[in-house]
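Architecture and fold: a report
Here is what each chain is made of, one letter per residue.
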Amino acid sequence: MQMNNDRLDTLFADLRSIEATPSDALTARLIADAKRESDQLAAKRERLADRPSGFSMRLLVEDILGLIGGWRPAFSMTASLFCGIWFGALGSDPAMLLPGLGLDRPTITLDLPENPSELIATPEGMTE
Amino acid sequence: MPAMLAIRSLAPASTEKRNCARLQDEDACLLEAFAAGDNRAAQKLIERLSPKVLSQALRLLGTRAEAEDITQEAMLRLWRAAPTWQRRAKVSTWLYRVTANLCLDRLRGRRNSVPFDAVPGEMTAGDPSIIASLQQEARLDALCRALAELPERQALAVSLRFIEGLGNPEIAAIMDIGVEAVESLTARGKRALAAALSSKKEALGYADE
């Protein structure tokens with residue numbers, strides 16, 4: 001048989017009748033918590049107030065580095081930037097890179113005959 | 001610039017008073033004063049709100065020690081919400097919701113029954129009503145544990161409606177839902193509670209009529 005609504009309502013009414021007053025110890029704890037949180041908020045406000053209000057290159061650099069993610073990503077981006085400028089300035093011909101890399105002078109020299117058919121080896125006994 | 005915290009600038013006192021009067025939420029004004037550094041505002045808020053929070057927690061948890069823990073946690077969350085408090089809800093309704101959720105979470109984490117020491121009335125040794133009081137404690141404990149087993153929204157709606165005695169429009173504001181949704185949640189929740197407790201009727205001392 002189901003629990004009837006009257007019994008449930010009686011239980012709810014009993015619960016509603018419960019009232020409590022905070023003890024002095026609890027009130028003291030609540031006040032201490034509020035004071036601690038208030039002090040932390042005040043400390044945050046002071047840190048912000050200490051920041052210079054005028055323009056500061058140092059702070060600008062710090063903020064940009066913070067956006068990028070630190071010194072390491074900044075170096076990588078700088079290196080990529082210089083590589084990009086280098087390639088761009090030299091044009092689209094990758095051979096322009098060769099002088100800097102020392103690859104513009106061939107290391108193997110081949111003397112090719114004037115008649116290319118001389119390059120084809122003919123086994124003995126075979127005729128063309 | 002990034003990494004700049006949003007700190008509300010202090011408005012002139014006359015403007016703040018006009019805002020408070022328009023809002024008719026003195027608690028919100030006190031909270032904003034606390035966020036601006038006024039510790040007296042915190043004391044006033046504690047005087048106004050902590051009895052309600054403690055009573056609500058005691059009704060659901062049944063033990064004074066746990067109710068005080070929940071009260072401390074709920075008020076701590078209020079202080080931390082103060083700097084970014086938005087005036088979309090009343091402080092008291094926000095606290096109702098936070099306290100109920102903290103209590104229901106605590107109830108769900110309970111493994112064993114806890115003596116419900118919040119039953120009204122006094123007991124003395126040899127008093128025949130001791131058995132009745134113990135039985136009542138067991139019933140209230142069973143009710144609260146069954147409440148915690150309900151789906152979260154049902155449990156919240158039922159606790160606010162039947163234990164805190166709030167009206168449906170107020171509950172709708174607390175839960176940010178429509179009044180019809182509140183009625184549906186409370187009806188379904190109450191039926192589920194009745195079904196959950198019916199299996200324990202004999203253990204809880206309810207004789208069939």
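Residues numbered from 1 in each chain as written. Chains lettered and ligands numbered in written order. Predicted model: local features only at pLDDT ≥ 70, side-chain atom pairs only at ≥ 80, totals over all residues. Heavy atoms only, no water.

**Digging into the interface of chain A and chain B**
On the chain B side, the residues contacting the 38 residues of chain A number 51 residues. Of the roughly 4,200 Å² buried between chain A and chain B, counting both surfaces, carbon and sulfur atoms make up 65%. Put simply, chain A and chain B have 4 salt bridges between them. The salt bridge partner of Glu19(A) is Arg59(B), with a shortest N-O separation of 3.0 Å. Inspection of the region where chain A meets chain B yields 15 residue pairs in polar contact (both at pLDDT 80 or more). Of all elements in the fold, only α1 (5–16), α2 (24–50) and α3 (57–68) of chain A reach the threshold of two or more residues within the side of chain A that touches chain B. The greatest single-element share of the side of chain A that touches chain B, amounting to 15 residues, is contributed by α2(A). (Contact = heavy atoms within 4.5 Å. Buried area = accessible area lost by both parts, 1.4 Å probe. Salt bridge = Lys/Arg side-chain N within 4 Å of Asp/Glu carboxyl O. Polar contact = N/O pair within 3.5 Å; in protein donor to acceptor, adjacent residues only side chain to side chain. Helix = DSSP H or I, 4+ residues; strand = E, 2+ residues; numbered from the N terminus.)

**Some points on the pattern of salt bridges**
Evaluation of the coordinates by the stated rule reveals 15 salt bridges over all chains. A salt bridge links Lys35(A) to Asp39(A), with the nearest nitrogen and oxygen atoms 3.0 Å apart. Within this pair, Lys35(A) and its partner Asp39(A) are both found in helix α2, separated by 4 residues, close to a single helical turn. Exposure remark for Lys35(A): the relative accessible area of 42% places this residue in the partly exposed category. The partner of Arg59(B) in a salt bridge is Glu164(B), and the shortest N-O contact between them spans 2.7 Å. With a gap of 105 residues between them, Arg59(B) in helix α3 (residues 39–61) and Glu164(B) in the loop between α7 (152–163) and α8 (168–175) connect regions that are remote in the sequence. Residue Arg59(B) shares its accessibility class with Glu164(B), and that shared class is buried. It is possible to trace a salt-bridge network through shared partners that takes in Glu19(A), Arg59(B) and Glu164(B). (Buried < 20%, exposed > 50% of the residue type's maximum accessible area, 1.4 Å probe, protein only.)

No statement about biological role is implied by the geometric values presented.
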